[in-house]
Amino acid sequence: MDRRTTPARPDLAAAHLEGQVEAERFVEPVDKQVGHANVWLRSGPRDDAPVDTELLFGEVFAVLEEKDGWAWGFARNDGYTGYVPSDALDDEVHMASHRVSALRTYVLSKPDLKSPPAELISLNSRIAAGRREGNYVEVIGTGWVPQFHIAPVSATEPDFVAVAERFYAVPYLWGGKTSVGLDCSALVQLSLEAAGIPAPRDTDLQEAELGGRWRHVEADAPKRRGDLVFWKGHVGIMTDGEQLLHANAYHMAVELETLADAVERIEKTAGPVTSVLRRSR
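Remember, it's a predicted structure, so these values are computed and weren't measured experimentally.

Colleague: Explain the packing of helix 2 (residues 184-194) against helix 3 (residues 203-211) to me, using residue names and the numbers behind them.
Modeller: Put simply, helix 2 and helix 3 touch, their axes get as near as 9 Å, and they point 45° apart. As the angle between them shows, helix 2 and helix 3 are arranged oblique. Between helix 2, through Cys184, Ser185, Val188, Gln189 and Leu192, and helix 3, the contact on the second element is made entirely by Thr203, Gln206 and Leu210. When grouped by side-chain class, the residues that make up the contact of helix 2 with helix 3 number four nonpolar, four polar and no charged.

Next comes the structure, spelled out in structure tokens:
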């Protein structure tokens, strides 16, 4: 089983895995909620452990163990397993009613544009909305956000490519999931999520899961807006028949370039395109 999405260690595992994996004991997870704007999920309980991904404000994290200031568990959103600082999690979980629909928005201390900001939260962050005063909506337990920067969790974007295009020129950051910095698979996951389409976090997982639901297109066939182009360890989004939008370490940014140019460069290090996927309508 994949350690990224399997909450199991030799000494401890999630209760739902009993009978599927070997562990000394199995426990029921305790749900907690990310109370900071964002928090790194790491592969180990150390500040210098490699970063796997980033959890956003309001995400629910299922905790299996807390020890020495670290919580080990998995994200309810996509199942990613790892360690986060315990102090980044709130014990009380507020059921989300809205998500952030702007790339980023400030949570203000009062429903007043001149009030000090409490947090700067990102696209797809989850909030529990309370009262409304003027153009501001209360984020229960935190502050106030502009009503124009949020949308009900049931509301979805009509075009995930348009969401991705809003990240143009954002810096590349391994493991990042915000407009401050993100990687190739985060660009795909965030954009699809905003459109109500669930997707795993990492490129290989996306290719495998979406490949079971989406139509496969021949690598040399004409491309369309919304096609996902995969290489080993990389993915990009076609904005039309020629242009590819992708967060990449060559430009160290979200860049728009011709697919032909990207293929020529990437195949020198990652090999040829492994698949092209098109969403079934």
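Now, onward.
Colleague: Kindly report on the packing of aromatic side chains, identifying the contributing residues and their values.
Modeller: One pass over the structure, following the stated rule, counts two aromatic pairs. When the ring of tryptophan 72 is compared with that of tyrosine 83, the centres are 6.4 Å apart and the planes differ by 40°; the resulting orientation is tilted. Taken as a pair, tryptophan 72 in strand 7 (residues 70-75) and tyrosine 83 in strand 8 (residues 81-85) lie far apart in primary sequence, 11 residues in all. Side by side, tryptophan 72 and tyrosine 83 carry an identical accessibility label, which is buried. Geometry around tryptophan 72 places arginine 9 over its ring, the cationic atom sitting 4.3 Å from the centre. Positioned above the aromatic ring of tyrosine 250 is the side chain of arginine 265, whose terminal nitrogen or guanidinium carbon lies 4.3 Å from the ring centre.

Colleague: Can you explain the pattern of salt bridges? Please cite residues and give values.
Modeller: Under the counting rule described, the total for this entry stands at 20 salt bridges. Where glutamate 66 meets lysine 32, a salt bridge forms, and the shortest distance between an N and an O atom there is 2.6 Å. Of this pair, glutamate 66 sits in strand 6 (residues 60-67) while lysine 32 sits in strand 3 (residues 30-34); the two residues are 34 residues apart in sequence, bridging distant segments of the chain. A relative accessible area of 40% places glutamate 66 in the partly exposed class. Between glutamate 157 and arginine 99 there is a salt bridge whose closest N-O contact spans 3.6 Å. With glutamate 157 in the loop between strand 17 (150-152) and helix 1 (160-165) and arginine 99 in strand 10 (residues 98-100), the pair connects residues that are 58 residues apart, well separated along the chain. Its relative accessible area of 24% is what places glutamate 157 among the partly exposed residues. A relative accessible area of 3% places arginine 99 in the buried class.

Colleague: I'd like a description of the sheet that holds strand 20 (residues 215-217), backed by residues and values.
Modeller: If you trace the six strands from one edge of the open sheet to the other, you get 20-25-21-22-23-24, paired in antiparallel fashion. The open sheet is flanked by strand 20 and strand 24 (253-258), the only strands paired with a single partner. For this sheet, the mean inter-axis angle between neighbouring strands, taken without regard to orientation, is 30°. Two strands pair when backbone bridges link them, and strand 21 (residues 228-231) and strand 25 (residues 275-278) are joined in this way by three bridges, in the antiparallel orientation. Within strand 25, the residue paired with leucine 228 across the bridge is leucine 277. Sheet strands touched by helix 2: strand 21, strand 22 (234-238), strand 23 (243-248) and strand 24. Its angle to strand 22, the strand with the most contacts, is close to 45°.

Colleague: Could you give an account of helix 4 (residues 259-266), naming the residues involved and the relevant values?
Modeller: For helix 4, the set of buried residues is Leu259, Ala262, Arg265 and Ile266. Buried residues of helix 4 fall within an arc of 135° about the axis and therefore sit on the same side. On its buried face, helix 4 is in contact with strand 21, strand 22, strand 23 and strand 24.

Calculation rules
- Residues numbered from 1 in each chain as written.
- Predicted model: local features only at pLDDT ≥ 70, side-chain atom pairs only at ≥ 80, totals over all residues.
- Heavy atoms only, no water.
- Axes fitted to C-alpha atoms, helices over the stretch in contact; angles between N-to-C directions.
- Helix = DSSP H or I, 4+ residues; strand = E, 2+ residues; numbered from the N terminus.
- Parallel < 35°, antiparallel > 145°, perpendicular 65-115°, else oblique.
- Contact = heavy atoms within 4.5 Å.
- Nonpolar A, V, L, I, M, F, W, Y, C, P; charged D, E, K, R; others polar.
- Phe/Tyr/Trp six-rings, centres within 6.5 Å; stacked < 30°, edge-to-face > 60°.
- Buried < 20%, exposed > 50% of the residue type's maximum accessible area, 1.4 Å probe, protein only.
- Lys NZ or Arg CZ within 6 Å of the ring centre and 35° of its normal.
- Salt bridge = Lys/Arg side-chain N within 4 Å of Asp/Glu carboxyl O.
- Pairing = 2+ DSSP bridges.
- Arc of directions from axis to C-beta.

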